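Examination of the molecular architecture
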Amino acid sequence: MSVSTEAAAHGHEVHDHPEYMRHQFDDMEQQNDAANLGMWLFLLTEVMFFGGFFLGYSIYRSEYYDSFVIGSQNLDVFLGGLNTVALITSSVTMAFAVRAAQLGKKNHILIFLVLTLILGLVFMVNKYIEYSHKLHDGLIPGYNFLWTGLGDGQSIQLFYSFYFCMTGTHGLHVLIGLVLIVWLLIRVWQDKFTTEYYAPIENFGLYWHFVDLVWIFLFPLLYLIGGLAV
Amino acid sequence: MSTIAQQGAAEHRMPRDHFLNAAYTIKSWLLTMDHKRVGLLYLFSISFFFLIGGTFASLIRLELATPEADLMEADQYNVAFSMHGIVMIFFFLIPSIPAVFGNFIMPLMIGAKDVAFPKLNLMSWYLFIFGGTFGVLTTLLGGVDTGWTFYTPFSSTYSNSNVILAGMAAFIAGFSSILTGLNFMVTIHKMRAPGITWFKMPLFVWGMYATSLIMVLGTPVIAITLALMMVERGLQIGIFDPALGGDPVLFQHLFWFYSHPAVYIMILPGMGVISEVIAAFSRKRIFGYDFIAMSSVSIAVLGFFVWGHHLFVSGQSIYAGMVFSFITMLVAVPSAIKVFNWMATIYRGSVSYDAPMLYALGFIGLFSVGGLTGVFLAIMGLDIHMHDTYFVVAHFHYVMVGGAVTAFMAALHFWWPKISGRMYPEGWSRLAAFLIFAGFNMTFFPQFIVGYLGMPRRYHVYPEEWQLLNIMSSAGATVLAVAFIVPVIYLLWSLKNGKIAGPNPWRATGLEWILSSPPPEHNFPTTPIVEEEPYDYGEIIENPVHRDEEEKEHEHA
Ligand code: HEM
Ligand SMILES: [Cu+2]
């Protein structure tokens, strides 16, 4: 067989690579490409995951449109809107953090990651406030749901089921994101990244933008059915 | 019937250093980053689950030996077939070939030092074990009785068994599968050695790629579906419960959107294995390489558009049914393309009948029967009669056991010398292959007949007139059970006593065969450069070299 085991074009001596390069790769380019592709594929699985929710949502929304309008108009558009602003802004700060990582400016990375962290926390606090209102008003499906207003309570409960499942899963993603930011901050602080190796920051950025994007779909679909109620 | 193993005359020695003797501690296994060891971890784990699933199967066949309920009550019987299905599908067949041989062999085939993300790979195994623990717990606490399909509202409202535990088991195992698929896709995209272009990849790698695509795109949907089902059971929120305004058919749609593609997760890796084995034991370049490669991908893609054939009688619109029926029949086309290409490869090849080849030949026949009966079921009018009868049970066992499990056995026997460095006893291995083939057909062929006569699936009693066919089936199952134990014994025996295999006992092409058996810890000392096509057997046929001369050539190289 004429397969040669001679070193390939980008073959290398065993010990000449930096500590952040994993042994299974030939060079940093391959490692970074692999990490990027891995993240994109992961996001694809997330799209399919949320896709199940969106499908169910669409079906019941078309079946019980009136109840979805009533349910929707009971949500707090102000807090939801504030959260939308917070997340979009955090996407901007995250993009700046990635740029700073490309340029190797440690302080800027730290600043922008902290800003992203704060905005993410704002989102979670708002969400907490919203959820506790709903708990207080007896709007938690299957737990204390009691609809006293106009409309068909059963299908309004269905709306709230989707509301909690979707925003809950999304919130879980934000929470995981916050934990990852803290982990990144520590790594940046310890000078683990270089201008050649910052893939974790970049890929976390992709994740964070994705989480933001999901919210941008969730906000109108959940809060604005039937137009703004003023 | 001559075999390649019989022709082997040369003596070999075991390599001095290899991945198995690199370290012996338990820790070196449980924290391994070596794709080969992860593959073996999976091999042990799925063998364990195969044993559990097989035990439930034996209970089912025992109960069905008589028309009356003598061994089990209805409820216990429900648990038996549900646990059998859940364990076999989620914990044996879905991980089987990808997680064992995809992990062990695929990186070797493309000349990589490991998969792209070794830590993630190990994590997949831990997730699998974590999910498996839930599965075992479910069993110990009395099992679940919803069937492997978890249909609502029975699962979400009425069942009194451990639905949430079993759901968690499948949910968590799903993430293991997602991560494996992701890892493989990145590995195949980014880790191929120079010279291995897309159309020079061995067909097993194409099979792995198509499978991974389904794992990545489909598995998240089953995850969300099971999650919603569990939330609904816990809180009664009503997404799938008609009493609360929900729609149980939505569950079926979501469930089959994954679970139909999942049947291709089970069969595509097997098809990849068969392409390797057929070429190696016909000593011929595979016929229609491009078609086989592309048919894997088109099966994976088409497989996402046929789920409605499971809902012909569930109240799905008849027009939707017609479309699903048509697309389902389309899937048979790429499947048939593969079968014809394998046959053309065997035709005028110089065929030898070692155990892997016996399994491969069995696969072709059994898969054809399974696939063709699938086309029967895809015909809406016919399916109204056959849905939920033993005909369906026979159909999917022909593809899943006759196809996928047979291919798993082919893979195990083909690559065992590579994995262990030793040959297994030839006579026994061929005997086991025959027994499995015979036992399998005895078990499942009668089910086609009894199903066509109208015997429904999932009942523990039946009218007396069907007893003969059921006894045949139970007797076949006994043969099958014995036949699966035989390889366990001789493979374990061979670990110590088998003849030393040498790097390439089958004289097969492919990068995995230029490495020592067992392979070195880090596979290739330097990244290999590949110049020729896969399946370069042409030379061997045109001027057959005497085996020993070829051996010498190898030693000089
Ligand atoms: C040639 C391709 C195939 C066709 C046309 C086909 C068609 C079908 C149809 C129409 C059904 C529904 C029958 C019913 O419930 O009434 C079915 C069921 C089933 N098929 Fe196939 N099939 C094919 C290949 C496969 C393969 C390769 C596998 C697995 C490796 C498989 C596994 C199953 C299973 C597990 C079920 C039953 C699921 C259940 O209800 O529990 N099929 N098939
Ligand atoms: Cu199907």
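Residues numbered from 1 in each chain as written. Chains lettered and ligands numbered in written order. Predicted model: local features only at pLDDT ≥ 70, side-chain atom pairs only at ≥ 80, totals over all residues. Heavy atoms only, no water.

Our focus in this paragraph is the overall build of chain B. From N to C terminus, chain B includes 20 helices and 0 strands. Radius of gyration (C-alpha) of chain B: 23 Å, near the 24 Å computed for a compact globule of 557 residues. Over its C-alpha atoms, taken along the principal directions, chain B stretches across nearly 75 × 45 × 45 Å. In chain B, buried positions account for 62% of the 557 residues. Taking the contacts inside chain B whose residues are at least 6 apart along the sequence as the reference set, 83% of them involve residues at least 24 apart. Just so you have it, chain B exposes about 20500 Å², and 70% of that area is on carbon and sulfur atoms. (Helix = DSSP H or I, 4+ residues; strand = E, 2+ residues; numbered from the N terminus. Rg over C-alpha atoms; globule rule 2.2 N^0.38 Å. Buried < 20%, exposed > 50% of the residue type's maximum accessible area, 1.4 Å probe, protein only. Contact = heavy atoms within 4.5 Å. Areas by Shrake-Rupley, 256 points an atom, 1.4 Å probe, with all protein chains shown as cover.)

Attention now goes to the overall build of chain A. Tallying secondary structure elements over chain A gives 6 helices and 0 strands in all. Counted from the first residue to the last, chain A has its helices and strands arranged as α-α-α-α-α-α. Expressed along its principal axes, the backbone C-alpha trace of chain A runs to roughly 75 × 50 × 30 Å. Looking at chain A as a whole, 48% of its 230 residues are labelled buried. Restricting to contacts in chain A with at least 6 residues of sequence separation, those with at least 24 account for 78%. As presented, chain A carries roughly 11100 Å² of accessible surface, and 66% of it is formed by carbon and sulfur atoms.

With that settled, consider the coordination of the copper ion (ligand 2). Between any two of four tetrahedral donors, the ideal angle at the metal is 109.5 degrees; between two of six octahedral donors, it is 90 or 180 degrees. Residue and element names in this part refer to chain B. Taken together, H260 (ND1), H309 (NE2) and H310 (NE2) make up the full set of protein donors to the copper ion (ligand 2), lying 1.9 to 2.0 Å away. In the primary structure, the donors to the copper ion (ligand 2) are separated according to the pattern H-x48-H-H. H310 gets classed as partly exposed once you look at its relative accessible area, which sits at 22%. (Donors = N, O, S within 2.8 Å, 3.2 Å for Na, K, Ca; no water.)

The subject of this paragraph is the nonpolar core. Y160(A), F90(B), F101(B), W342(B), F408(B) and W415(B) are the most contacted members of the largest nonpolar core, which has 255 residues in total. Look past the residues within four positions of Y160(A) in its chain and what remains in contact with it is G71(A), N74(A), L75(A), K134(A), L139(A), P141(A), F145(A) and W147(A). (Core = buried A, V, L, I, M, F, W, Y, C linked by side-chain atoms within 4.5 Å.)

With that out of the way, let us pick up the pattern of salt bridges. Any two side chains of opposite charge can pair, on the condition that their charged atoms come close. Residues and elements named next belong to chain B. Tallied over the full model, the rule gives 9 salt bridges over all chains. One salt bridge in this structure joins D34 and K36, with 3.1 Å as the shortest N-O distance. Accessibility assignment for this pair places D34 and K36 in one class, buried. Notably, a salt bridge pairs R285 with D536, separated by 3.5 Å at the nearest N-O pair. A residue pair is termed long-range when its members are at least 10 positions apart, and R285 in the loop between α11 (248-282) and α12 (289-302) and D536 in the loop between α18 (467-497) and α19 (538-542) qualify at 251 residues. (Salt bridge = Lys/Arg side-chain N within 4 Å of Asp/Glu carboxyl O.)

You will see that the iron atom of ligand 1 has only one donor from the protein, H395(B) (NE2), lying 2.2 Å away. Inspection of the secondary structure assignment puts H395(B) in helix α16 (residues 390-420).

Between chain B and chain A, the residue contacts involve 48 residues of the former and 40 residues of the latter. Surface buried jointly by chain B and chain A totals about 3800 Å² across both partners, of which 69% is contributed by carbon and sulfur atoms. Summed over the three residues of chain B that lose the most area to chain A, namely K113(B), K190(B) and I224(B), the buried surface amounts to 14% of that side. The interface formed by chain B and chain A contains 1 salt bridge. For the salt bridge of K113(B) with D26(A), the shortest nitrogen-to-oxygen distance reads 3.1 Å. (Buried area = accessible area lost by both parts, 1.4 Å probe.)

On to the site of ligand 1, then. Residues and elements named next belong to chain B. As a structural note, the neighbourhood of ligand 1 is formed by 21 residues, with W148, D383, H387, H395 and R457 the closest of them. For ligand 1, an oxygen atom lies 3.0 Å from a polar atom in the side chain of W148. H395 is positioned such that a nitrogen or oxygen atom in its side chain is 2.8 Å from a nitrogen atom of ligand 1. Taken together, the elements giving at least two residues each to the shell around ligand 1 come down to α11, α14 (355-378) and α16. Its residues assigned to classes, the shell around ligand 1 comprises 12 nonpolar, 7 polar and 2 charged. (Near = heavy atom within 4 Å. Polar contact = N/O pair within 3.5 Å; in protein donor to acceptor, adjacent residues only side chain to side chain. Nonpolar A, V, L, I, M, F, W, Y, C, P; charged D, E, K, R; others polar.)

Further remarks concern the packing of helix α9 (residues 163-190) of chain B against helix α10 (residues 203-235) of chain B. Residue and element names in this part refer to chain B. Two numbers describe how α9 lies on α10: the axes approach to 7 Å, and their chain directions differ by 155°. In terms of their interaxial angle, α9 and α10 are classed as roughly antiparallel. Both α9 and α10 take part in a crossing whose hand is left-handed. The class makeup of the residues in the contact of α9 with α10 is 23 nonpolar, 8 polar and 1 charged. (Axes fitted to C-alpha atoms, helices over the stretch in contact; angles between N-to-C directions. Parallel < 35°, antiparallel > 145°, perpendicular 65-115°, else oblique. Left-handed = near helix turned anticlockwise from the far one by under 90°.)

All names here are of chain B. Residues with a pLDDT of 70 or more make up 95% of chain B, whose mean pLDDT is 93. The low-confidence segment residues 541-553, where pLDDT is below 50, has 15 contacts with residues more than four positions distant or belonging to other chains. This complex was scored by the predictor with a pTM of 0.92 and an ipTM of 0.91. (pLDDT = per-residue confidence, 0-100.)

Residue and element names in this part refer to chain B. Turning to its location among the elements, R422 is positioned in the loop between α16 and α17 (426-452). According to the relative accessible area criterion, R422 is buried, its value standing at 16%. A distance of 3.4 Å separates the side chain of R422 from the backbone oxygen of K496, its partner in a polar contact. In terms of polar contacts, R422 uses its side chain to reach the backbone carbonyl oxygen of G498, at 2.9 Å. The contacts of R422, once residues within four sequence positions are left out, are M14, W416, P417, S494, L495, K496, G498, K499, I500 and A501.

To continue, consider the packing of helix α3 (residues 35-63) of chain B against helix α4 (residues 74-93) of chain B. All names here are of chain B. Following both chains from N to C, one finds α3 and α4 inclined at 150°, their axes separated by 9 Å at the closest point. When the interaxial angle is binned, α3 and α4 end up roughly antiparallel. The two elements α3 and α4 meet at a crossing, and its hand is left-handed. The segment α3 lies against α4, with I46, F49, F50, I52, G53, G54, F56, A57, I60 and E63 engaging Y77, A80, F81, M83, H84, V87, M88, F91 and F92. Looking at the contact of α3 with α4 residue by residue, the classes come out as 15 nonpolar, 3 polar and 1 charged.

So, about the packing of aromatic side chains. Scanning all chains against the criterion turns up 67 aromatic pairs over all chains. Here F50(A) and F53(A) contribute two aromatic rings whose centre-to-centre distance is 6.3 Å and whose plane-to-plane angle is 50°, an arrangement assigned as tilted. On the criterion of helical spacing, the pair formed by F50(A) and F53(A) is a turn pair, its members being 3 residues apart in helix α1 (residues 28-63). With centroids separated by 5.7 Å and ring planes inclined at 45°, the aromatic side chains of Y60(A) and F162(A) adopt a geometry described as tilted. Pair noted here: Y60(A) is in helix α1 and F162(A) is in helix α5 (residues 153-189), with a separation of 102 residues, a long-range link. Among the aromatic residues, those joined into a cluster by ring pairs are Y57(A), F68(A), F123(A), Y131(A), F145(A), F159(A), Y160(A), Y163(A), F164(A), W215(A), F219(A) and Y223(A). Positioned over the ring face of W29(B) is R37(B), at 4.3 Å from the centre of the ring. The ring of W198(B) carries the charged tip of R192(B) above its face, separated from the ring centre by 4.4 Å. (Phe/Tyr/Trp six-rings, centres within 6.5 Å; stacked < 30°, edge-to-face > 60°. Lys NZ or Arg CZ within 6 Å of the ring centre and 35° of its normal.)

Low pLDDT marks regions whose predicted coordinates should not be analysed in detail. Residues and elements named next belong to chain A. Summary statistics for chain A give a mean pLDDT of 90 and a share of 92% for residues scoring 70 or more. Mean pLDDT across the elements of chain A bottoms out in helix α2 (residues 65-73) (93) and peaks in helix α6 (residues 199-223) (97). Within the model, pLDDT remains below 50 along residues 4-14, and this stretch shows 20 contacts once partners closer than five positions in the same chain are excluded.

The subject of this paragraph is a nonpolar patch on the surface. Residue and element names in this part refer to chain A. A contiguous nonpolar surface patch, about 370 Å² in accessible area, is contributed by I111, V114, L115, I118 and V122. Structurally, L115 can be placed in helix α4 (residues 106-136). On the basis of relative accessibility, which here comes to 36%, the residue L115 falls in the partly exposed class. (Patch = residues over 30% accessible without salt bridge, like charges linked within 9 Å, V, L, I, M, F, W, Y side chains within 5 Å.)

All right, on to the environment of H395(B) then. All names here are of chain B. On the basis of relative accessibility, which here comes to 17%, the residue H395 falls in the buried class. As for H395 and F448, which are separated by 53 residues in sequence, their C-alpha atoms are 7.5 Å apart. Residue contacts for H395: discarding those within four places in its chain leaves G370, T373, G374, L377 and F448.

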